[in-house]
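# Residue-level structure breakdown
Below are the chains, spelled out letter by letter.
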Amino acid sequence: MPAVVLVGAQWGDEGKGKATDLLGSRVDYVVKFNGGNNAGHTVVIGDEKYALHLLPSGILSPGVIPVIGNGVVVDIEVLFQELEMLSSRGVDVSKLLVSSQAHVIASFHRTLDKVTERFLGQRRIGTTGRGIGPSYADKINRVGIRIADLFDPKILRAKIEGSLDQKNHLLVKVYNRRAVEVDAVLEELLAYADRLRPMVANTPLVLNNALDEGKTLLFEAGQATMLDIDHGTYPFVTSSSATAGGAVIGSGIGPTRIDSVIGVIKAYTTRVGEGPFPTELFDETGVYLQTKGGEVGVTTGRARRCGWYDAVIARYASRINGLTDLVVTKLDVLTGLEKIPVCVAYNVDGQRFDEMPDNQSDFHHAVPIYDELPGWEEDISAARTLADLPANARSYMQFLEDISGCRISAIGVGPARNEIIPIHNLLS
Ligand code: GDP
Ligand code: IMO
Ligand code: MG
């Protein structure tokens with residue numbers, strides 16, 4: 001099975017990093033195709049814990065060629081910080097490839113991200129402040145700076161001038177800030193050009209050639225389905241295509257080359273930042289899930305909002321991504337609860353919705369309709385087969401599979417690499 005896409009099925013932080021790491025020993029390339037250093041992926045290998053933001057999690061697997069695809073926005077300073085952090089811990093980072101067509105995040109994008117959020121006030125998105133939205137906005141406005149531009153100072157200067165032209169008016173006249181100097185940005189970006197050059201490649205060509213040679217490629221999404229710019233809870237989303245289709249656009253391979261799509265989903269739900277979240281808990285059970293699940297953002301350190309599993313979202317993610325497999329993570333966090341509610345549909349002003357409402361306001365007013373399942377007391381972290389799970393945990397998983405629109409192929413029972421129950425082979 002040569003081309004496999006791995007996406008988040010909820011609002012991010014489902015455990016994509018761990019799932020990628022699990023497959024790492026069996027794939028040749030791991031490709032990041034969207035987002036930037038707004039992501040925060042945790043990978044636990046033995047006693048070592050790694051937090052990755054910009055680099056694909058596959059960089060931790062020896063033998064894998066990690067690729068930053070054309071759909072990514074790259075903060076070059078962060079790229080080198082992360083590479084140095086990994087090198088100092090003994091990770092081989094020499095094989096990394098960066099697309100020449102990926103867009104750059106400069107310091108003025110970070111500035112704009114922060115001032116825009118402040119300006120939005122009540123309507124703020126709760127972004128990570130990493131300059132993601134402003135960099136993608138430049139890409140769509142056709143005033144972006146691409147990695148390839150760094151290797152021609154004349155072109156780079158012209159691109160920076162073009163990008164800053166309108167922004168400086170905005171910064172000075174609307175946001176009451178100082179104008180950004182072209183020379184300062186030029187210096188900031190050129191500082192890394194020589195170090196970056198050997199990593200830069202025509203990644204669409206490299207990846208298509210690899211597929212032709214029968215290599216196995218894993219496309220690892222940042223963010224998740226409900227944060228996708230088209231299919232998420234707009235406007236409370238990120239600015240890229242985090243769904244499976246994004247793997248095609250963001251890496252330059254054709255849709256006919258994708259063989260399977262794995263969705264990673266938590267056994268409950270979390271969300272960071274603003275925006276609607278029907279099953280959110282505001283009581284002590286929410287705090288319990290937050291504490292027991294260690295639900296703190298890897299990138300910004302913000303406490304994640306917590307709630308019950310939402311099958312309407314699971315079915316939506318299955319459909320939008322064409323999921324072939326689900327990896328359910330963090331089942332262990334639910335241990336000790338007497339009853340576990342699962343949202344099976346929504347009630348919107350007296351009308352039942354079994355599928356995601358098409359209208360944004362309906363989703364904002366959705367009240368979950370719950371089925372309650374019995375919980376279990378036994379520690380499940382040592383379970384390695386379905387038979388090792390208590391009967392109620394097995395029933396909970398069976399119930400999720402029956403209502404989520406996709407088969408469950410693995411279950412996470414702890415953060416470590418081996419804390420997993422494999423059910424179906426994810427690469428066959
Ligand atoms: P990502 O952004 O999707 O890669 O996920 P994050 O790394 O932001 O958040 C997932 C968190 O859950 C990390 O701290 C993981 O170590 C942890 N994790 C992943 N799978 C499991 C699991 O099955 N059980 C538990 N208890 N933790 C898990
Ligand atoms: P991983 O890959 C969870 C959220 C932010 C904010 C919104 C827009 O670890 O799952 P942005 O900075 O992207 O413009 O912020 O998206 N967000 C994430 N939430 N996990 C992530 O990544 C996220 N990346 C962005 O909190 O609500
Ligand atoms: Mg994360």
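What comes next is a walk through the structure. (Residues numbered from 1 in each chain as written. Chains lettered and ligands numbered in written order. Predicted model: local features only at pLDDT ≥ 70, side-chain atom pairs only at ≥ 80, totals over all residues. Heavy atoms only, no water.)

### Considering the pattern of salt bridges
In the structure shown here, the tally under the stated rule is 21 salt bridges. The partner of Arg 110 in a salt bridge is Asp 75, and the shortest N-O contact between them spans 2.4 Å. Of the two residues, Arg 110 sits in helix α3 (residues 107-120) while Asp 75 sits in the loop between β6 (73-74) and α2 (76-88), which places them 35 residues apart along the sequence. Note that Glu 355 is salt-bridged to Arg 315, the shortest N-O span being 3.4 Å. (Salt bridge = Lys/Arg side-chain N within 4 Å of Asp/Glu carboxyl O. Helix = DSSP H or I, 4+ residues; strand = E, 2+ residues; numbered from the N terminus.)

### Remarks on the coordination of the magnesium ion (ligand 3)
Donor atoms from the polypeptide that bind the magnesium ion (ligand 3) are Asp 13 (OD) and Gly 40 (O), placed at 2.0 to 2.1 Å. In this pair, Asp 13 is assigned in the loop between β1 (3-8) and α1 (16-24) and Gly 40 in the loop between β2 (29-32) and β3 (41-45), connecting sequence segments 27 residues apart. Judged by its relative accessible area of 23%, Asp 13 falls in the partly exposed class. (Donors = N, O, S within 2.8 Å, 3.2 Å for Na, K, Ca; no water. Buried < 20%, exposed > 50% of the residue type's maximum accessible area, 1.4 Å probe, protein only.)

### Regarding the site of ligand 1
Lys 16, Gly 40, His 41, Thr 42 and Asp 332 are the nearest of the 19 residues found near ligand 1. Backbone polar atom of Gly 412 to an oxygen atom of ligand 1: 3.3 Å apart, as the coordinates give it. A distance of 3.4 Å separates an oxygen atom of ligand 1 from a polar atom in the backbone of Val 413. Computed on the free molecule, ligand 1 has an accessible area of 580 Å², of which 92% lies beneath the protein chains in the complex. Secondary-structure elements contributing two or more residues to the shell around ligand 1 are α1 and β3. The element contributing the most residues to the shell around ligand 1 is α1, with 3 residues. (Near = heavy atom within 4 Å. Polar contact = N/O pair within 3.5 Å; in protein donor to acceptor, adjacent residues only side chain to side chain. Areas by Shrake-Rupley, 256 points an atom, 1.4 Å probe, with all protein chains shown as cover.)

### Thoughts on the pairing of β3
Pairing between β3 and strand β4 (residues 48-52): 5 bridges, direction antiparallel. Within β4, the position partnered with Val 44 by the bridge is Lys 49. Hairpin remark: β3 followed by β4, antiparallel, with 2 residues in the connecting loop; positive phi at Gly 46, about 60 degrees. (Pairing = 2+ DSSP bridges.)

### A closer look at the pairing of strand β5 (residues 65-68)
Bridge count for β2 against β5 is 4 bridges, and the pairing is parallel. Of the residues in β5, the one forming a bridge with Val 31 is Val 67. Of the strand pairs in this sheet, β5 and strand β7 (residues 97-99) are connected by 2 bridges, and their pairing is parallel. Note on β7: the bridge partner recorded for Ile 68 is Val 98.

### Section: the packing of α3 against helix α5 (residues 153-174)
Between α3 and α5, the shortest axis-to-axis distance is 12 Å and the interhelical angle comes to 40 degrees. Of the possible angle classes, the one that applies to α3 and α5 is oblique. Of the two elements, α3 crosses α5, and the hand of that crossing is left-handed. Here α3 contributes Phe 108, Leu 112, Val 115 and Phe 119 to the contact with α5, which in turn contributes Ser 163, Leu 164, Lys 167, Leu 170, Leu 171 and Val 174. Broken down by class, the residue content of the contact of α3 with α5 amounts to 8 nonpolar, 1 polar and 1 charged. (Axes fitted to C-alpha atoms, helices over the stretch in contact; angles between N-to-C directions. Parallel < 35°, antiparallel > 145°, perpendicular 65-115°, else oblique. Left-handed = near helix turned anticlockwise from the far one by under 90°. Contact = heavy atoms within 4.5 Å. Nonpolar A, V, L, I, M, F, W, Y, C, P; charged D, E, K, R; others polar.)

### Looking at the site of ligand 2
Taken together, the neighbourhood of ligand 2 is formed by 20 residues, with Lys 16, Asn 38, Thr 128, Gln 223 and Thr 238 sitting nearest. Between ligand 2 and Asn 38, the relevant distance is 2.9 Å, taken from an oxygen atom to a side-chain nitrogen or oxygen of the residue. Relative to its unbound accessible area of 550 Å², ligand 2 is 97% covered by the protein chains. Here the shell around ligand 2 is composed, by residue class, of 6 nonpolar, 11 polar and 3 charged.

### Examining the state of the cysteines
Enumeration over the complete set of coordinates arrives at 0 disulfides. Of all cysteine sulfurs in the structure, the one in Cys 306 sits closest to Cys 343, which takes part in no disulfide; the separation is 16 Å. Judged by its relative accessible area of 0%, Cys 343 falls in the buried class. Cys 406 carries a free sulfur, and the closest cysteine sulfur to it, the one in Cys 343, is 18 Å from it. Given the relative accessible area of 8%, Cys 406 is considered buried. (Disulfide = S-S within 2.5 Å.)

### Details of the nonpolar core
Ranked by size, the top nonpolar core spans 58 residues in total, and within it Phe 219, Tyr 309, Leu 331, Leu 334 and Tyr 396 carry the most contacts. At 6 residues, the largest contribution of residues to this core is made by helix α13 (residues 391-404). Dropping the residues within four chain positions of it, Leu 334 is found in contact with Ala 267, Tyr 268, Leu 289, Ile 340, Trp 376 and Tyr 396. Counting residues in each nonpolar core, the second largest holds 38 residues, with Leu 60, Val 91, Tyr 192 and Met 199 among its members. (Core = buried A, V, L, I, M, F, W, Y, C linked by side-chain atoms within 4.5 Å.)

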